[in-house]
Amino acid sequence: MNLLKICSIVFIFLIFSCNSNNKQIAKERNPVDSTGFPTKKEQVEAFMQKLEAQKLYNPETDKAQHVWKSAIIPHDDYAYVQELFPKTLSGVKAKTVFLIGVAHKARLLNLQDEIVFGSFDYWNAPYGKVKVSPVRNQIMQDLDKNLYTVNDSMQSIEHSIEPFLPMLQYFGNEFEIVPVLVPYMSYDKMQEIAKPFAEAVFKIAQKNKWKWGDDFVILISTDAVHYGDEEWGGKNFARFGTDSAGYEKAVAYEHEIIDSCLTGGLSPEKAKKFTEYTVQADNYKEYKWTWCGRYSVPFGLLVDYELEKLYNTKLKDEFIGYSTSIAKPVLNLEDIGMGTTAVANLHHWVGYCAIGYY
């Protein structure tokens with residue numbers, strides 16, 4: 001073999017090696033919001049210290065008393081949501097965490113009628129990388145390809161499941177995640193996807209001898225009503241007015257939705273009723289009452305309902321709390337490099353609902 005042939009073989013080998021190495025480079029998803037959410041462990045710990053100092057959270061008495069199988073959690077700024085984060089997420093003990101999130105900017109990417117996965121291997125978070133579970137790919141293999149899409153752009157710009165990772169890390173769990181975003185979707189389409197999704201989760205759980213709650217959990221992300229007549233992109237979401245009486249009526253209406261749709265047992269009828277409260281009957285892409293989780297909530301609860309049937313069980317629920325961005329003073333986080341991403345007043349406020357299911 002002459003020198004030229006040897007050099008050619010070596011060159012081809014080197015190219016092949018480089019390509020193989022490139023294929024093995026892990027894809028990492030970086031945080032979107034470094035103002036509303038902590039990106040450093042020191043910020044997480046300072047946040048918790050502030051909650052305790054202001055008697056908003058007591059680790060002895062306010063930790064969740066149950067191990068959640070599922071939960072509804074808000075995703076707004078830490079300065080506004082405050083103690084609802086630890087009160088809810090302290091009840092998560094599972095290693096595999098299914099994160100059912102909102103797709104706020106689905107319109108920009110023409111996403112609808114399919115749940116959205118990503119292809120990231122890790123999500124960067126305050127205490128280090130969070131691994132995306134291989135369960136994600138197993139579920140995609142089991143689902144009809146018309147029921148989902150893979151879109152890293154959507155997963156990269158969406159913030160609605162990002163704020164849970166710092167708290168889950170704070171409570172010391174070794175966990176992996178399965179991020180799933182729910183864009184525009186009719187109720188019928190939610191039902192069509194939720195059943196095979198739950199069946200795929202159940203199949204994996206049975207194979208691995210996982211227990212619901214102990215080994216996997218379904219976390220559903222949503223902020224409640226987005227209310228007011230200012231700084232909502234020129235839209236008026238103030239159905240009851242913007243004085244204190246209007247605020248009280250809006251909060252009462254929020255509790256009506258929660259009590260009639262989200263607590264007291266799960267059912268398809270309740271999930272559908274929630275969509276009837278939140279989206280227009282003649283156009284499911286348009287708000288009726290402005291919960292950004294108008295798709296993530298019913299989809300997540302339908303998955304829970306299907307899992308109930310598969311496990312032959314009934315979930316109990318615990319109402320953890322309801323608050324708003326103007327219900328109490330904003331938590332000052334500026335000294336730790338955090339803050340707020342929107343104003344909070346009678347003309348512009350957001351509601352927060354937290355419920356655990358066990």
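Anything mentioned here points back to the structure above.
What counts and what doesn't
- Residues numbered from 1 in each chain as written.
- Predicted model: local features only at pLDDT ≥ 70, side-chain atom pairs only at ≥ 80, totals over all residues.
- Heavy atoms only, no water.
- Helix = DSSP H or I, 4+ residues; strand = E, 2+ residues; numbered from the N terminus.
- Buried < 20%, exposed > 50% of the residue type's maximum accessible area, 1.4 Å probe, protein only.
- Axes fitted to C-alpha atoms, helices over the stretch in contact; angles between N-to-C directions.
- Parallel < 35°, antiparallel > 145°, perpendicular 65-115°, else oblique.
- Left-handed = near helix turned anticlockwise from the far one by under 90°.
- Contact = heavy atoms within 4.5 Å.
- Nonpolar A, V, L, I, M, F, W, Y, C, P; charged D, E, K, R; others polar.
- Salt bridge = Lys/Arg side-chain N within 4 Å of Asp/Glu carboxyl O.
- Phe/Tyr/Trp six-rings, centres within 6.5 Å; stacked < 30°, edge-to-face > 60°.
- Lys NZ or Arg CZ within 6 Å of the ring centre and 35° of its normal.
- Expected span 1.5 Å × (residues − 1).

Caption draft 1: A look at unusual backbone geometry. For lysine 55, which is not a glycine, the phi torsion comes out positive at approximately 60°. If you trace the backbone, lysine 55 turns up in the loop between α2 (41–53) and β2 (70–73). For lysine 55, a relative accessible area of 76% puts it in the exposed group. Look at aspartate 113: it is not a glycine, yet its phi comes out positive at around 65°.

Caption draft 2: Layout of the packing of helix α8 (residues 187–208) against helix α10 (residues 268–278). In contact at an axis separation of 10 Å, α8 and α10 are set at 140° when each is read in the N-to-C sense. The orientation of α8 relative to α10 falls into the category oblique. Judged by the twist between their axes, the crossing of α8 over α10 is right-handed. When α8 is examined against α10, the residues Tyr187, Met190 and Gln191 are found in contact with a partner set consisting of Pro268, Ala271, Lys272 and Thr275. Looking at the contact of α8 with α10, its residues break down into 4 nonpolar, 2 polar and 1 charged.

Caption draft 3: Up close: the packing of α8 against helix α11 (residues 296–311). Orientation of α8 relative to α11, taken along the N-to-C sense of each, is 45°, at an axis distance of 8 Å. When the interaxial angle is binned, α8 and α11 end up oblique. Read as a crossing pair, α8 and α11 show a hand that is right-handed. Counted by class, the contact of α8 with α11 contains 16 nonpolar, 2 polar and 3 charged residues.

Caption draft 4: Local environment of the environment of proline 268. Relative to the helices and strands, proline 268 is located in helix α10. For proline 268, a relative accessible area of 15% gives the class buried. For the pair proline 268 and leucine 302, spaced 34 residues apart in sequence, the C-alpha to C-alpha distance is 6.5 Å. Each residue touching proline 268, except ones within four places of it in the same chain, is listed here: Tyr187, Gln191, Leu302 and Tyr305.

Caption draft 5: Up close: the pattern of salt bridges. Inspection of every chain in the model, using the stated rule, returns 10 salt bridges. Of the charged contacts, one joins glutamate 176 and lysine 131 as a salt bridge, the two residues approaching to 3.9 Å between their closest N and O atoms. Of the two residues, glutamate 176 sits in strand β8 (residues 176–182) while lysine 131 sits in strand β6 (residues 128–131), which places them 45 residues apart along the sequence.

Caption draft 6: Fine view of the packing of aromatic side chains. Considering all chains together, one arrives at 23 aromatic pairs under this definition. Through a chain of ring-to-ring contacts, the aromatic side chains of Phe98, Phe197, Phe202, Trp212, Phe216, Phe299 and Tyr311 assemble into a single cluster. We note lysine 27 situated over the ring of phenylalanine 120; from NZ or CZ to the ring centre the distance is 5.5 Å. Sitting over the face of the ring of tyrosine 287, arginine 294 holds its NZ or CZ atom 3.9 Å from the ring centroid.

Caption draft 7: Highlighting helix α9 (residues 244–262). Between its first and last C-alpha atoms α9 spans 26 Å; for 19 residues at 1.5 Å apiece the expected length is 27 Å, and the two agree. Those residues of α9 that sit buried are Gly246, Tyr247, Ala250, Val251, Tyr253, Glu254, Ile257, Ile258, Ser260, Cys261 and Leu262. Elements in contact with the buried residues of α9: β2, β10 (226–228), α10, α11, β13 (317–324) and β14 (348–357). Where α9 ends, the next residue or the one after it, glycine 264, has phi of about 80°, a positive value.

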